[in-house]
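So the chains spell out like this:
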Amino acid sequence: MEFHPSIEKAGIQEIKIFQEEKLHELLRYLETHSPFYQKLFKENNITIEDIRTLEDLQKIPTTTKNDLQQYNHDFFCITPDKIVDYSTTSGTLGDPVTFGLSDSDLERLAYNEAISFACAGIQKGDVVQMITTIDKRFMAGLAYFLGLRKMGASVVRMGPGIPELQWDSIFRYKPKYLITVPSFLLKMIDYAEKHGLDYKNSGVYGAVCIGESIKNQDFTDNILSQKIKEKWDIKLFSTYASTEMSTAFTECEYQIGGHHHPELIITEILDDEGNPVKEGESGELTITTLGVEAIPLLRFKTGDLVKAHYEPCQCGRNTMRLGPVVGRKQQMIKYKGTTLYPPAMNDILNDFNTILCYQIVIQSNEIGLDEIIIKLSTEADHEGFVNEVRDHFRAKLRVSPKIEIIDFDVLSKTVFNPNSRKPITFIDLR
């Protein structure tokens, strides 16, 4: 099995022709097997033979998460007896969206993670500790395990939380890599320091970071990443993925964006009118999955605002690279004339060492305008600290949100909900 696919180092035009052939295969499959896309093609008078190039995708309407939620069953292209695994993802209207995976889809998922981990430098024989759940219908945890198994790595399935057990496992099995939400690394460091553990000589080389951004838009370390590296000199690799695309964009050793795998997914970056953005501009990532059997997606709008980078990478890959997520389109906040996204506020709050945990709450006030409430727990003197946080917001974002100090025992139960796959640091009540 080739874990460094040659197509990723092919010329740009060769990659484009390769993807157009894969697109034709997908369109024929959808026309034959997908009730949702059969109806979409018919209602929009789309003849799939007219879709010859990647540019022709513009002739097809986009698909949204609302479509997935309202017509979930119509997206299935296989019968229930062919489904091997069920996963879910949160829905925009409240109810989760169900994803089924066939045996072939699980193989594709394993291949995707194998080439993604290989991109980050993981090799056959490496020990990798998974600090993430593999249950609760969570596709990513299963994907990590399958990918590591496929490439011949050894897996330590620890699951999330409990720093004491994580360190016990690290000193016992000597993993070279961790897979984790990066903010949890700070909790592990804090535990190690308080209990006199020699964590700097634990043998951990790097961590594949999921669920939270660790980079600024220019690929420099953001505040969270800096705070981890100040204490623990390990490599941190960004990765971006979602249940809907069953594909990951993971950094290589040069760490300048997550590499696109052209055999698995077609990407578009679109503006608010649905047109491709100019090179260097950010827009909504819109994806078309390749090789998916159960629920393939065509021009699916992810809701994530990103910037694509096209210059060749020093690693030899010529594929497009995705920069850090700017924000989620639905999470855009208009606050006193300023447009904000949660990642920018996360950076400011992560700048304070005395904040134990925090949660950003957005709600509409009595006249329908966005209102920001920052709930936080701190060890610092409350009154002076609130002013310091507020001043930092003014300096960085030119806004002054409402700040509430909450007892750690109360707030931590909301932020670190055992039913959630990652910390709940943002709540939108609009």
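The structure we're discussing is the one just above.
Computed from a prediction, not measured in an experiment: that's the story for all the values here.

**Q** Before we move on, could you go through helix α6 (residues 163–173) and cite the residues and values that matter?
**A** Restricting attention to buried positions, one finds in α6 the residues P163, Q166, W167, S169 and I170. In a view along the axis of α6, the buried residues occupy a sector of 160°, so they form one face of it. When the buried face of α6 is taken as reference, the exposed residues oriented beyond 90 degrees from it are E164 and R172. In the core, the buried residues of α6 are packed alongside β3 (127–130), β4 (154–157), β5 (177–180) and α7 (182–194).

**Q** A description of the packing of aromatic side chains should follow, citing residues and the corresponding values.
**A** As enumerated under the stated definition, the model contains 14 aromatic pairs in all. Ring geometry for W167 against W232: centres 5.4 Å apart, planes inclined by 45°, an arrangement best described as tilted. In this pair, W167 is assigned in helix α6 and W232 in the loop between α8 (223–231) and β7 (235–242), connecting sequence segments 65 residues apart. With respect to class, W167 is no different from W232; both count as buried. Between Y177 and Y205, the aromatic rings sit 5.7 Å apart at their centres with planes inclined by 75°, giving edge-to-face as the arrangement. Of this pair, Y177 sits in strand β5 while Y205 sits in the loop between α7 and β6 (206–209); the two residues are 28 residues apart in sequence, bridging distant segments of the chain. Note on Y177: relative accessible area 2%, which makes it buried. Here the aromatic cluster, defined as three or more aromatic residues joined through ring pairs, consists of F36, Y37, F41, Y71 and F75. Positioned over the ring face of F145 is R157, at 6.0 Å from the centre of the ring. Over the ring of Y205 we find K176, and its NZ or CZ is 5.5 Å from the ring centre.

**Q** Tell me about the layout of surface pockets, and please be specific about residues and values.
**A** By volume, the second largest pocket amounts to about 740 Å³. What lines the second largest pocket is a set of 25 residues, and nearest its centre among them are Q19, L54, T267, E268 and Y310. Mapped onto the lining of the second largest pocket, the elements with two or more residues apiece are α1 (12–33) and β10 (265–270). Sorting elements by how many residues they give to the lining of the second largest pocket places β10 first, with five residues. Residues that form the lining of the second largest pocket fall into these classes: 12 nonpolar, seven polar and six charged.

Conventions used here
- Residues numbered from 1 in each chain as written.
- Predicted model: local features only at pLDDT ≥ 70, side-chain atom pairs only at ≥ 80, totals over all residues.
- Heavy atoms only, no water.
- Buried < 20%, exposed > 50% of the residue type's maximum accessible area, 1.4 Å probe, protein only.
- Helix = DSSP H or I, 4+ residues; strand = E, 2+ residues; numbered from the N terminus.
- Arc of directions from axis to C-beta.
- Contact = heavy atoms within 4.5 Å.
- Phe/Tyr/Trp six-rings, centres within 6.5 Å; stacked < 30°, edge-to-face > 60°.
- Lys NZ or Arg CZ within 6 Å of the ring centre and 35° of its normal.
- 1 Å grid on protein atoms, 1.4 Å probe; cavity = no way out; pocket = protein on both sides within 12 Å on 5 of 7 lines; lining within 4 Å.
- Points joined across faces, edges and corners; volume = space filled by probe spheres on them.
- Nonpolar A, V, L, I, M, F, W, Y, C, P; charged D, E, K, R; others polar.

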